[in-house]
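# Geometric and topological summary
Residue strings, one per chain:
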Amino acid sequence: MHFRNYASQGASRHSEAESPDQDSGVTMAAPMLRWGCRGRRWAFARVDGGSCHRRGAPTGSTSNRIRGQSSVAQQPLHTAQKPRKGEHKWAAVVGLEIHAQISSNSKLFSGSQVRFSAPPNSLVSFFDASLPGTLPVLNRRCVEAAVMTGLALNCHINKKSLFDRKHYFYADLPAGYQITQQRLPIAVNGSLIYGVCAGKKQSQVIPKMVRIKQIQLEQDSGKSLHDDLRSQTLIDLNRAGVGLLEVVLEPDMSCGEEAATAVRELQLILQALGTSQANMAEGQLRVDANISVHHPGEPLGVRTEVKNLNSIRFLAKAIDYEIQRQINELENGGEILNETRSFHQKLGCTMSMRDKEGKQDYRFMPEPNLPPLVLYDATSLPAGADPQQVINIDQIRETLPELPSVTREKLVQQYGMLLEHSFTLLNEVGLLEFFQNVIKETRAEPKKVTSWVLNTFLGYLKQQNLAVSESPVTPSALAELLDLLDSRTISSSAAKQVFKELWKREGKTPGQIVSEKQLELMQDQGALEQLCHSVMEAHPQVVMDVKKGNPRAVNKLIGLVRKATQSRADPVMIKEILEKKMSL
Amino acid sequence: MLGRTLREVSAALKQGQITPTELCQKCLSLIKKTKFLNAYITVSEEVALKQAEESEKRYKNGQSLGDLDGIPIAVKDNFSTSGIETTCASNMLKGYIPPYNATVVQKLLDQGALLMGKTNLDEFAMGSGSTDGVFGPVKNPWSYSKQYREKRKQNPHSKNEDSDWLITGGSSGGSAAAVSAFTCYAALGSDTGGSTRNPAAHCGLVGFKPSYGLVSRHGLIPLVNSMDVPGILTRCVDDAAIVLGALAGPDPRDSTTVHDPINKPFMLPSLADVSKLCIGIPKEYLVPELSSEVQSLWSKAADLFESEGAKVIEVSLPHTSYSIVCYHVLCTSEVASNMARFDGLQYGHRCDIDVSTEAMYAATRREGFNDVVRGRILSGNYFLLKENYENYFVKAQKVRRLIANDFVNVFNSGVDVLLTPTTLSEAVPYLEFIKEDNRTRSSQDDIFTQAVNMAGLPAVSIPVALSNQGLPIGLQFIGRAFCDQQLLTVAKWFEKQVEFPVIQLQELMDDCSAVLENEKLASVSLKQ
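So, how was this worked out
Residues numbered from 1 in each chain as written. Chains lettered and ligands numbered in written order. Predicted model: local features only at pLDDT ≥ 70, side-chain atom pairs only at ≥ 80, totals over all residues. Heavy atoms only, no water. UniProt positions renumbered as here; feature names shortened; annotations may be inferred. Helix = DSSP H or I, 4+ residues; strand = E, 2+ residues; numbered from the N terminus. Contact = heavy atoms within 4.5 Å. Areas by Shrake-Rupley, 256 points an atom, 1.4 Å probe, with all protein chains shown as cover. Lys, Arg positive; Asp, Glu negative; His and termini not counted. Charge placed at Lys NZ, Arg CZ, Asp CG, Glu CD. Buried area = accessible area lost by both parts, 1.4 Å probe. Salt bridge = Lys/Arg side-chain N within 4 Å of Asp/Glu carboxyl O. Polar contact = N/O pair within 3.5 Å; in protein donor to acceptor, adjacent residues only side chain to side chain. Nonpolar A, V, L, I, M, F, W, Y, C, P; charged D, E, K, R; others polar. Core = buried A, V, L, I, M, F, W, Y, C linked by side-chain atoms within 4.5 Å. Buried < 20%, exposed > 50% of the residue type's maximum accessible area, 1.4 Å probe, protein only. Axes fitted to C-alpha atoms, helices over the stretch in contact; angles between N-to-C directions. Parallel < 35°, antiparallel > 145°, perpendicular 65-115°, else oblique. Left-handed = near helix turned anticlockwise from the far one by under 90°. Phe/Tyr/Trp six-rings, centres within 6.5 Å; stacked < 30°, edge-to-face > 60°. Lys NZ or Arg CZ within 6 Å of the ring centre and 35° of its normal.

- The name given to chain B in an unreviewed UniProt entry is Glutamyl-tRNA(Gln) amidotransferase subunit A, mitochondrial, with Pongo abelii as the source organism.
- The annotation that UniProt attaches to chain B under Function (unreviewed entry) is "Allows the formation of correctly charged Gln-tRNA(Gln) through the transamidation of misacylated Glu-tRNA(Gln) in the mitochondria. The reaction takes place in the presence of glutamine and ATP through an activated gamma-phospho-Glu-tRNA(Gln)."
- As stated in UniProt under Subcellular location (unreviewed entry), the record for chain B gives "Mitochondrion".

- Where an unreviewed UniProt entry is consulted, chain A appears under the name Glutamyl-tRNA(Gln) amidotransferase subunit B, mitochondrial, with the organism given as Pongo abelii.
- As stated in UniProt under Function (unreviewed entry), the record for chain A gives "Allows the formation of correctly charged Gln-tRNA(Gln) through the transamidation of misacylated Glu-tRNA(Gln) in the mitochondria. The reaction takes place in the presence of glutamine and ATP through an activated gamma-phospho-Glu-tRNA(Gln)."
- Regarding chain A, the relevant UniProt record gives this comment under Subunit (unreviewed entry): "Subunit of the heterotrimeric GatCAB amidotransferase (AdT) complex, composed of A (QRSL1), B (GATB) and C (GATC) subunits."

## Things to note about the overall build of chain B
- Check the secondary structure of chain B and you find 18 helices and 11 strands.
- If you line up chain B on its principal axes, its C-alpha atoms span 70 × 60 × 55 Å.
- In chain B, 79% of the contacts between residues at least 6 apart in sequence involve partners at least 24 apart.
- Accessible surface, chain B as shown: approximately 19,600 Å² in total, 50% of it carbon and sulfur.
- Considering chain B, the positive charge centre built from 51 side chains and the negative charge centre built from 59 side chains are found 2 Å apart.

## What about the interface of chain B and chain A?
- Counting residues at the interface gives 51 residues for chain B and 39 residues for chain A.
- For the pair chain B and chain A, the summed buried area comes to about 3,600 Å², and 55% of that belongs to carbon and sulfur atoms.
- Looking at the side of chain B facing chain A, the largest losses of area belong to Arg253, Ser255 and Arg341 of chain B, adding up to 21% of the total buried there.
- The interface formed by chain B and chain A holds zero salt bridges in total.
- Counting across the interface, chain B meets chain A through 17 residue pairs in polar contact (both at pLDDT 80 or more).
- When residues of the side of chain B that touches chain A are traced back to their parent elements, those giving at least two are helix 4 (103-110), helix 10 (320-338), helix 11 (357-368), helix 12 (371-384) and helix 13 (386-412) of chain B.
- In the side of chain B that touches chain A, the residues fall into 20 nonpolar, 19 polar and 12 charged.

## Here's the deal with unusual backbone geometry
- Looking along the chain, the bond that leaves glycine 170 of chain B and enters serine 171 of chain B is cis, with omega of 10°.
- Tracing the chain through its elements places serine 171 of chain B in the loop between helix 5 (146-154) and helix 6 (173-180).
- Look at arginine 363 of chain A: it is not a glycine, yet its phi comes out positive at around 45°.

## Comments concerning the nonpolar core
- Formed by 169 residues in total, the largest nonpolar core has its most connected members in Phe124, Phe305 and Phe477 of chain B.
- Among the elements that make up this core, the one with the highest residue count is helix 13 of chain B (nine residues).
- Not counting chain neighbours up to four residues away, the residues in contact with phenylalanine 305 of chain B comprise Val274, Leu277, Ile279, Ala310, Val312, Leu419, Phe477, Val490, Trp493 and Phe494 of chain B.
- Ranked by size, the runner-up nonpolar core spans 74 residues in total, among them Tyr177, Ile179, Ile186 and Ile319 of chain A.

## Looking at the pattern of salt bridges
Residue and element names in this part refer to chain A.
- The tally for this structure, following the rule as stated, stands at 37 salt bridges over all chains.
- Across the pair glutamate 339 and arginine 341 runs a salt bridge whose closest N-O atoms are separated by 2.5 Å. Each member of the pair glutamate 339 and arginine 341 is classed as buried.
- Connected via shared salt-bridge partners are Glu322, Arg325, Glu339 and Arg341.

## Describing the packing of helix 9 (residues 446-463) of chain A against helix 11 (residues 492-503) of chain A
Residue and element names in this part refer to chain A.
- Packing of helix 9 against helix 11 leaves a shortest axis separation of 12 Å and a crossing angle of 40°. In terms of their interaxial angle, helix 9 and helix 11 are classed as oblique. Crossing angle aside, the handedness with which helix 9 passes helix 11 is right-handed. Here Trp452, Thr456, Phe457, Tyr460 and Leu461 of helix 9 come into contact with helix 11, specifically with Ala495, Lys496, Phe499, Lys500 and Trp503.
- Partitioned by chemical class, the residues of the contact of helix 9 with helix 11 number seven nonpolar, one polar and two charged.

## A few points about the packing of aromatic side chains
- Applying the stated rule across the entire model yields 31 aromatic pairs over all chains.
- Where tyrosine 382 of chain B meets tyrosine 392 of chain B, the ring centres are 5.7 Å apart and the plane angle is 65°; that geometry is what we call edge-to-face. Of this pair, tyrosine 382 of chain B sits in helix 12 while tyrosine 392 of chain B sits in helix 13, placing them 10 residues apart in sequence.
- Residue tyrosine 382 of chain B is classed as partly exposed on the basis of its relative accessible area of 40%.
- Three or more aromatic residues link up through ring pairs in this structure, and these residues are Phe434, Trp452, Phe457, Tyr460, Phe499 and Trp503 of chain A.
- Geometry around phenylalanine 314 of chain A places arginine 313 of chain A over its ring, the cationic atom sitting 5.3 Å from the centre.

## Let's talk about the environment of alanine 125 of chain B
Residue and element names in this part refer to chain B.
- The residue alanine 125 is located in the loop between strand 3 (114-119) and helix 5 in this model.
- The sequence separation of alanine 125 and glutamine 497 amounts to 372 residues, and the corresponding C-alpha distance is 33 Å.
- Beyond its immediate stretch of four places on either side in the chain, alanine 125 contacts Lys76, Asn78, Ser171, Ser190, Ser195 and Leu223.

## Concerning the UniProt feature "active site" (unreviewed entry) in chain B
All names here are of chain B.
- Taking the numbering used here, the UniProt-annotated feature "active site" (unreviewed entry) corresponds to Lys76, Ser171 and Ser195. Of the residues just listed, which span 120 residues, no C-alpha pair is farther apart than 11.0 Å, and they cluster in one region.
- Within the fold, lysine 76 resides in strand 2 (residues 72-76).
- Judged by its relative accessible area of 0%, lysine 76 falls in the buried class.
- Non-local contacts of lysine 76, meaning those with residues more than four positions away in its chain, are made with Lys118, Thr119, Leu121, Ala125, Ser171, Ser172, Ser175, Leu188, Gly189, Ser190 and Ser195.
- Structurally, the position occupied by serine 195 is in the loop between strand 4 (186-191) and helix 7 (197-203).
- The class for serine 195 is buried, based on a relative accessible area of 6%.
- Excluding anything up to four places from it in sequence, serine 195 contacts Lys76, Ala125, Gly127, Gly170, Ser171, Ser172 and Ser190.
- In this structure the side chain of serine 195 is engaged in a polar contact, spanning 2.9 Å, whose partner is the side chain of serine 171.

Below is the structure:
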């Protein structure tokens, strides 16, 4: 038997009470670690001197895409600091299980709609509520999303994969089992490359690779809402049966920063593919981390699983906390229990979930109601097959959109920006688009635009904790401002002043602000020469110093002239005039 | 009119000899008269009468929907019926009213059939007697037949007639009794290990199990998903073919239905000649427990084919003896899984205990399921434990493959149809039957039938003759996968040769009041 049906196609007499289907239907080297990683800025990890390192070979180290890859970054950083007496070296090992909700109109096995924050139990089909006699029908869109994601993550796509039932009793799991892919998942053996920043100024990006064990299709559960006051549990099944991609990352990471950066990269890939909205705040991307520590060269330690990691920041914090907790525990003669822990956001620590039932036996069993999922490629596609009933891997490969790594490379090549700048542009939601819109409308040099967007613009956003979409400054306004700067109509310090005005959201254009505040540069050479002359006469001592050869004295004179022009003169011009006048 | 076959009454409806409403009322009145058989759990009188009214309009306007328009049918109470309680004969689902129709039910209704009611069964179809449901056992109409009663009068040992009633077999015993007692013309059963064929054999009916994947399971409350098939119970092979014609075909709601085109409708040619047929007699089916009467009929049937020119050969299905154990492991494992949804949260029974969710689950499931269901859940979960999975479940799956291959090999060797007994013997009295527990009974009674389910093949039980006691005995034909039509064609030829007698319930019908009075007396005396 092969892949046959997709989610309910066409109108049917049964479907009145159900919403119509919306989709067409159907061990690397041990890492070293002594201290927890320090705080992350922006979205790519910073490897602070001495804080976080693993020997895992960075991929593509010969690639000239990666600048400034110094040998320093390759050395075990802990040697940079002298170990204190009696201190052991610890290595941490981190693996991740990531659940990404598939972006699809309908659920994995039923025709009910997928929507966040709909009224409770308003998106529940008979199958989702596990009414007796209902059967799963595979949603084609979800399979395509899994194949796309697998291809983007360099996975081997299994031409045949199987579904299994995983049993456990929980109120928000109406069938008493979850349909997943335990034995033979849809995609295996992939890799994810992400970049961590290193070096003194955090200005070098080092590519790291984490292996992807597998990607499996599975159902999401419903949500339980515990009302402790009335000791009630309320169940919302809107989420029950939504398609998930479980992406299993091998334990190739060594600290919270690496894990966070890998997750961020995965998030960008999923969003670029459109296979998941991957919004962690809405639970579309959920991460569990498996963490252990050991002495390098010795067997891996007992691992714990940390759950409830619902933001990238907390993910990094939780992992680093847990690593340090395990080290402390072991150094104090304690032992690590193989347990599930949850991260408490307010306290910033992990706590045992104290699973009373102890070890769960999920009693896996093949799902008898779904035939094996068979995929085809150009060579295996049966002649005359109904395109609605088969999925062609090669066809999906052709439609893959540009991935973030390629976008970054293009940015580097096209605009000559540093690789780490391209990372920042992609990591901030909407920033790349903003940047590209400014570029489109301005005559200014791309480097100038990059600098303004990444330093000034992003700086303002961060300071006020705003998203790009909430910015008071539009790309057009910034473009106009940069044009004024480019044409030397205003000085760069005046430009900063204009930008500050723009941020006030008063609806004025940069041109209006410049003329209102009289920020134009003085273009009148004669007037400027006159001013310089007056300043020199008023400060003979400084002129003397210049003539004696004190270079800083020139700057003082320039400053004085600028002050006299209310900063409206170009310092380069002033310097030229002064030098001429003093015959230097 | 009630004693006719579906095809005959369909013709009568078309010719206007009777109207759907008249027919419906006659059946409803007979359902009331035979209430003591306990064939129905729910009688959907109002629904049926309304459907009859609509059917009547269609006939008047010359817009009949076909052979099934206006035909009273019954449906086993493990098929979802929209707006009609569906209990699986379990406390767990008492009061559960599904919001949707099973695909097979919907298809019958779309063809104009009248739904008389939901028929009794063993709880969740787990049993072979129709004795283990919360609504009590089903009585075999043959217990009250002239043929059986006369034989019993001759037997000096028999005395207490009324407590000596016979089981129907199961688990679709309610459906079998309903058709056998003329309360409807066809009924849906389900067949996981023989649950349609077994009661058909005991009640003198045609019991057909289609190929797995030919008929949708959507809405059939599962026992074992990988073996369940909706079954058809009728008075003759042609009737089964008519119903199959209405049911067969792919269903977008059941991913295990096949898309390959099947010959429709299932019109069965009358075979004039069986000389090109090869009938296989599996030697492993000759077991010591087989009653001599059944054995003798089996060999007479083989002789009949041979004498009419068919090639009859002994064949071997070498893994047969492992089949029932293998079935037990696979069945209980799926049962453990399928029953997990009955937790009292969304629908069905919920206990009064609310100290914790876990305590609620436990009490609900203890109160909701009988011992048989709980026992199967327990053993199934045992087989699925991580430490046991390889040794039991995986091994059983491998054996299942070997069993399926046995059939493939036999059919590849040129055999068209296999001929076997359906049951070890004729129906036994209830008091006799309950001397053994459900598990023992099931493994005895499913012996000839469950291997077919493991292989997904079509099979049909055909009533052959009456035993010395005046009770029906059936034989089973097994066909190649998706060669359902060929199988039924052979069965039809055989049916014509054996001329199985019609059940004589005249005495029961006349006697009905007496039987009912007796029952009344019994209940009164119990109260005193």
